[in-house]
Amino acid sequence: MDWGLGRYERIAEGLRPAAEEVVALAAPARGERLLDVGCGTGNGSLLAVQRGAQVTGVDPAARLLQVARERVPGGEFLGGEAAALPLPDGAVDLVISVFGVIFAPDASEALGELARVCTPSGRIVLSAWLPGGAVADVMRARAEALGTVPARPPFPWHDPAALEDLLAPHGFPHVEIHQRTLPFVGPSAEAWLGDQLHDHPMWVSARAELSDEASAALRERTRAILAAANEDPSGFRATSGYVVAVAQRRPS
């Protein structure tokens, strides 16, 4: 999917608090070399640069990379995928990913790449959604409408044991998990959904693939999910849980 569709920069604004949590737990020191995988519009990269890190961002969406270049003076932004990072071995001290690497088709390949570009004392910090909640239900409804529900459950990026299984062979024996929540808010459920339909690349892509009838049915189903989950009678608020996973490489 092309994440350059729509206006993801508006969606990314709502994810900024998660980027703040990731960068705070990563705690990049001044002068450290940091890689932001799936950097998108540069939320995490900007925060890291403000802390004095030397930042490289990687993302497959050319338009979002241009947005990041304009937002993050001093950062370097490269096209690339998590499973094939355009950096040499041991190039960075720290890798972060704010809801980016979790979209990689092959978790083992992606985590192997994150480990490959880390120094012998490097660390990896990433955020991943917890299963369940209104937004997860909406994503599943969209996948069902498109016929893209995976035959097997996706890799549990939120599970420390699953992450350790893949990272331990690369010298990261332990993953520390920090649970957080992120509210999605709007003047109403209908207004929030309207913004998603117009701005979010996944919704823009879905609208292009579905018939008018199927799109209307999906919108109605989504509206019902959001209305049932609404936490704010005077507007709209739905809270999603996520984790920030922190892995430190064990010196050899």
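Refer to the structure above for everything that follows.
Residues numbered from 1 in each chain as written. Predicted model: local features only at pLDDT ≥ 70, side-chain atom pairs only at ≥ 80, totals over all residues. Heavy atoms only, no water.

Quick word on helix α7 (residues 160-167)
Each α-helix turn comprises 3.6 residues. Residues three or four places apart therefore point the same way.
For step 1, the next point in the chain: Residues Ala 162, Leu 163 and Leu 167 constitute the buried set of α7. On an axial view of α7, the arc spanned by its buried residues comes to 125°, and they lie on one face.
For step 2, the next point in the chain: Capping the start of α7, Asp 159 holds a side-chain oxygen 2.9 Å from the backbone nitrogen of Ala 161, two or three residues further along. (Buried < 20%, exposed > 50% of the residue type's maximum accessible area, 1.4 Å probe, protein only. Helix = DSSP H or I, 4+ residues; strand = E, 2+ residues; numbered from the N terminus. Arc of directions from axis to C-beta. Polar contact = N/O pair within 3.5 Å; in protein donor to acceptor, adjacent residues only side chain to side chain.)

Things to note about the pairing of strand β4 (residues 92-98)
For step 1, the next point in the chain: Among the 7 residues of β4, 7 are classified as buried, and the element is accordingly described as predominantly covered.
For step 2, the next point in the chain: Here strand β1 (residues 33-37) pairs with β4 via 3 bridges, running parallel. Across the sheet, Leu 34 pairs through a bridge with Leu 94, a residue of β4.
For step 3, the next point in the chain: Tracing the backbone out of β4, into helix α5 (residues 107-116) and back to the parallel element strand β5 (residues 118-129) gives a crossover that is right-handed. (Pairing = 2+ DSSP bridges. Right-handed = clockwise from strand over helix to strand, strands pointing away.)

Some points on the nonpolar core
For step 1, the next point in the chain: Ranked by internal contacts, the top residues of the largest apolar core, which has 73 residues, are Leu 35, Val 95, Ile 124 and Trp 157.
For step 2, the next point in the chain: For this core, the element with the most residues is strand β7 (residues 236-248), which contributes 8 residues.
For step 3, the next point in the chain: Once residues within four sequence positions are removed from consideration, Val 95 is found in contact with Leu 35, Val 37, Leu 114, Val 117, Cys 118, Arg 123, Ile 124 and Val 125.
For step 4, the next point in the chain: The next biggest cluster of nonpolar side chains, apart from the first, holds 5 residues, and it includes Cys 39, Leu 65, Ala 68 and Phe 77. (Core = buried A, V, L, I, M, F, W, Y, C linked by side-chain atoms within 4.5 Å. Contact = heavy atoms within 4.5 Å.)

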